[in-house]
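Each chain is listed here by its residues.
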Amino acid sequence: KKGMIFLTSIVVVFFAFMLLFYPFKAVRVKMLPLDNKPEFNVVLNMPEGTALPVTANLVHGMASKLKEIPEVTALQTYTGTASPYNFNGLVRHYYLRQQSWQADIQVQLTDKHDRSRTSHEIAVEARALLQPLLKGTNGKLQVVEMPPGPPVLQSVVAEVYGPDANTRRQVAADLTRLFDEAENLDDVDNLMEEDHEILRFIVDSDKAQRNGITAEDVNRTLEMAMGGFILGDIKKNALIDPTRIVMQVPLSARSQIYRLSQLPVTNRIGQFVPLHELGTFVFDKQDKPIYRKDLRAVEFVTAETVGTLAAPVYGQSQVEQLLKDANDGNGYVTPDGTRLAEEAYWLKSPQGVEGKSAFEWGGEWTVTWETFRDMGIAFAAALVLIYMLIVAQFGNFILPAIIMAPIPLTLIGIVPGHWLMNAEFTATSMIGFIALAGIIVRNSILLVDFAREAVAAGENVLEAVIHSCEARTRPIIITALALFGGSMVILSDPIFQGMAVSLIFGGAVATLLTLLIIPLGCISAGRSMHICPIGDGGNGDNGGNGGPTGGGSGGGNSGASPVAAPARPSKSAMAIGKDVAVYAGMYGVSLGKELVSGIAGWFTAGRKLMVKSKARKAAKREQERQQARAQTVAAVAREAAKAEMPAEAPRLKVDEPIPKAKATSKKAAKPKMKSASTGLSPATSKAVDEMVKPEQPDVEAGLALGQQGEADDSATANDAVSSSIEAKERKKTPGRRGIKLKTDI
């Protein structure tokens, strides 16, 4: 009964502390707190169509006001042009700010170690100083701080969808007014442009055609006058951004319509035609920009969170409440008849917006939701894996539940810790909560494992649990103290403060609950503490069940006290750890050897493959050389036959043999006579005849092709003669060498 009361009280305390999140809002939730940066930006958006001097004068006054802040060291103003942007400016499209009604101020602060206030506190003061300067100007001001996490379009973003452009813009304008009424929202703006007039030139197509001038010629002339035509650029000192060359009419001339009407436009034949003869200037409304997301037209309403409840979820909840309270409690109704409060989407994109109005919350809320969702899924998966590992370790399904019971109860320390430290529950707080799970499980396993070994040694469950707490309390407390000491280092960091609070307060409560809940749970689940069956006690007809202390009551009808069966001898934790280390080392060594052997085998196979590939390539090249050599010899023989034989053929006599050259082993004999009919030496005639008739064996040709034959004296002499002739021919000119090659093969 006392155990149930204790367990119930813990559960009640757990849910009571959860109320600090909602509805009391004592513990605020945020993705990441703002970091202490050395800079921030002031973004000014004047009404569309505002002249550049008006914007510049207001920016100058704002910069003068910001100089009154003592922590400000430098200021840079940008009017009508984009300031150097960072990652945050890239996401917010600050590089597109090129209009005369747009301006930026970059504010540089002293180092965070040289000032007592954070950059967020200074930015709040700057907003309060600059807001009065905007009265009567209809300008919109945004104080932009460097985000500690992923940058977004704005902290609070409402993406408005609708069936048509007019309905969508009307809903966005109404939402903008509701954003202004929200308590925790400021710097409210939207991406819609106000109506403003522009000067448009309407080309008379008939007049332009009669003068041989096209609309492109008119546009080019106006661009050259107004400064929008780029003639070229100057690349100086290898600058990344070259200096553009722009032609522009002086302001005194281009600010007067009748002066612009006198601009000459050149046709294709070089004639000049005044601009007023080609059309007229008219005042017109500027077209509205159309933004799209996922191929659907959308309007954006933005705001920054301010005050103590700086998380987007609080400002968004206030806006939805204002939507419900509009029209005397009947709720806001869009022009197409939709109750907008019922079409607010937090976790998914609206569907069917082609026929109704709806809006989706974006900005920092999307990042917060996705981050906490993914970490929650990872935490749940980690808990399942931890439970499976503990079940595999103890072979029981009850003990793992007891071991993991203190994990969610750490929130009893985490939530009040954030409240006491006035810290926001951020993503780093969630990381600390997840990290505590491993520490708690480790402490619980120490207690349970020691108690199981004591029960296996013959002690009852109660005594084993008491001895386990006596032996394991000191290492558990030492672990907690080490955790506290390490967490103190990051307690003052604005980003990781949530993690430090979770580890310190959650670790303290987890240590206390581990020493209370785990022993009580082990005693309640006494039978699960036995490594093996403890006997037949309680199996008799009249016998009772075993108690929580592990001893069975009387067995059977004998009424005799049961005798506990001897427990299996078990090793100590040190011996088990030693065996595990030995087996793990042997396995690691074996795995390393196999890995090295496999890598060596791969290298050997690769080397053999490369050798074979090289051999195949060498054989192929040798075969190609042999074929080319044979083709060259055959071609030379054919040329020699064509050059000599046809011309001298009429002089040949059939009955007149051609004398052959004689050779000795010492010296090659010169031919003693030449054929009177041919004029060729006998050796040449013999070589030509043998080349033309390849079926006759030729010892010299065989030696030239690298074939081995019988080494007789005549072959040796002829080879020597051929070698000497080739050596002499290499020294001659290419032309003579070619002719000699044909006659002395």
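Scroll up to find the structure this text is about.
Everything numeric in this text was worked out from a predicted model, so none of it was measured.

A. Expanded view of the pattern of salt bridges. Applying the stated rule across the entire model yields 19 salt bridges. Between lysine 65 and glutamate 68 there is a salt bridge, and its shortest N-O distance comes to 3.8 Å. Of the charged contacts, one joins arginine 220 and aspartate 217 as a salt bridge, the two residues approaching to 2.7 Å between their closest N and O atoms. In this pair, arginine 220 and aspartate 217 are both assigned in helix α7 (residues 215-226), 3 residues apart and thus about one turn of the helix distant. Given the relative accessible area of 11%, aspartate 217 is considered buried. Within the structure, one salt-bridge network assembled from shared partners comprises Glu71, Arg117 and Glu125.

B. Layout of the packing of helix α2 (residues 52-66) against helix α4 (residues 119-130). In the contact formed by α2 and α4, the axes pass within 10 Å of each other and the chain directions differ by 130 degrees. With respect to each other, α2 and α4 are oriented oblique. The chirality of how α2 crosses α4 is right-handed. Mapping the contact onto sequence places Met62, Lys65 and Leu66 in α2 and Ala126, Leu129 and Leu130 in α4. The residue makeup of the contact of α2 with α4, split by class, is 5 nonpolar, no polar and 1 charged.

C. The arrangement of the sheet that holds strand β3 (residues 102-109) in detail. With respect to topology, 4 strands assemble into an open sheet ordered β2-β3-β1-β4, the strand pairing being antiparallel. Every interior strand has two partners, whereas the edge strands, β2 (72-79) and β4 (140-145), have only one. Recorded for the sheet is a direction-independent mean angle of 15 degrees between the axes of neighbouring strands. As paired elements, β2 and β3 share 7 bridges and run antiparallel to each other. The residue bridging threonine 79 from the neighbouring strand is alanine 103, located in β3. Each of β1 (39-45), β2, β3 and β4 is contacted by α2, which is oriented at about 175 degrees to β2, the strand it contacts most. Lying on the sheet, α4 is in contact with β1, β3 and β4; it crosses β4 at an angle near 170 degrees.

D. Structural context of the packing of aromatic side chains. The full count for this structure, using the stated rule, is 11 aromatic pairs. With a centroid separation of 5.4 Å and an interplanar angle of 45 degrees, the aromatic rings of tyrosine 85 and tyrosine 95 are classed as tilted. Separated by 10 residues along the polypeptide, tyrosine 85 in the loop between β2 and α3 (87-91) and tyrosine 95 in the loop between α3 and β3 bring together distant segments of the chain. You can call tyrosine 85 partly exposed: its relative accessible area is 47%.

E. Expanded view of the pairing of strand β16 (residues 358-363). Counting buried residues along β16, 6 of its 6 residues qualify, which places the element largely inside the surrounding structure. Going residue by residue along β16, you find Ala358, Glu360 and Gly362 tucked away on one face and Phe359, Trp361 and Gly363 tucked away on the opposite face as well. Pairing of strand β15 (residues 344-345) with β16, which is carried by 2 bridges, proceeds in the parallel orientation. Across the sheet, residue tyrosine 345 finds its bridge partner in β16, namely glutamate 360.

F. Looking closely at the environment of leucine 129. Mapped onto the elements, leucine 129 comes out in helix α4. Residues leucine 129 and leucine 66 lie 63 residues apart in sequence; the distance between their C-alpha atoms is 7.6 Å. Sequence-distant contacts of leucine 129, that is, excluding residues within four places in its chain, are made with Lys65 and Ile69.

G. Up close: α4. With 12 residues, α4 should reach 16 Å at 1.5 Å per residue; the first-to-last C-alpha distance of 16 Å fits that figure. Among all positions of α4, only Ser119, Ile122, Ala123, Ala126, Arg127 and Leu130 are buried. Here the buried residues of α4 occupy an arc of 145 degrees about the axis, which is enough to place them on one side. Buried residues along α4 sit in contact with β1, α2, β3, β4 and β6 (185-190).

H. How the structure looks around unusual backbone geometry. Here tyrosine 22 and proline 23 are connected by a cis peptide whose omega angle stands at 15 degrees. Of note, proline 23 is situated in the loop between α1 (2-18) and β1. A positive phi angle is found at lysine 25, which is not glycine, with a value near 55 degrees. Along the chain, lysine 25 falls in the loop between α1 and β1. Phi angles above zero are rare outside glycine, and asparagine 327 is one such case at about 55 degrees.

Rules of the game
- Residues numbered from 1 in each chain as written.
- Predicted model: local features only at pLDDT ≥ 70, side-chain atom pairs only at ≥ 80, totals over all residues.
- Heavy atoms only, no water.
- Salt bridge = Lys/Arg side-chain N within 4 Å of Asp/Glu carboxyl O.
- Helix = DSSP H or I, 4+ residues; strand = E, 2+ residues; numbered from the N terminus.
- Buried < 20%, exposed > 50% of the residue type's maximum accessible area, 1.4 Å probe, protein only.
- Axes fitted to C-alpha atoms, helices over the stretch in contact; angles between N-to-C directions.
- Parallel < 35°, antiparallel > 145°, perpendicular 65-115°, else oblique.
- Left-handed = near helix turned anticlockwise from the far one by under 90°.
- Contact = heavy atoms within 4.5 Å.
- Nonpolar A, V, L, I, M, F, W, Y, C, P; charged D, E, K, R; others polar.
- Pairing = 2+ DSSP bridges.
- Phe/Tyr/Trp six-rings, centres within 6.5 Å; stacked < 30°, edge-to-face > 60°.
- Expected span 1.5 Å × (residues − 1).
- Arc of directions from axis to C-beta.

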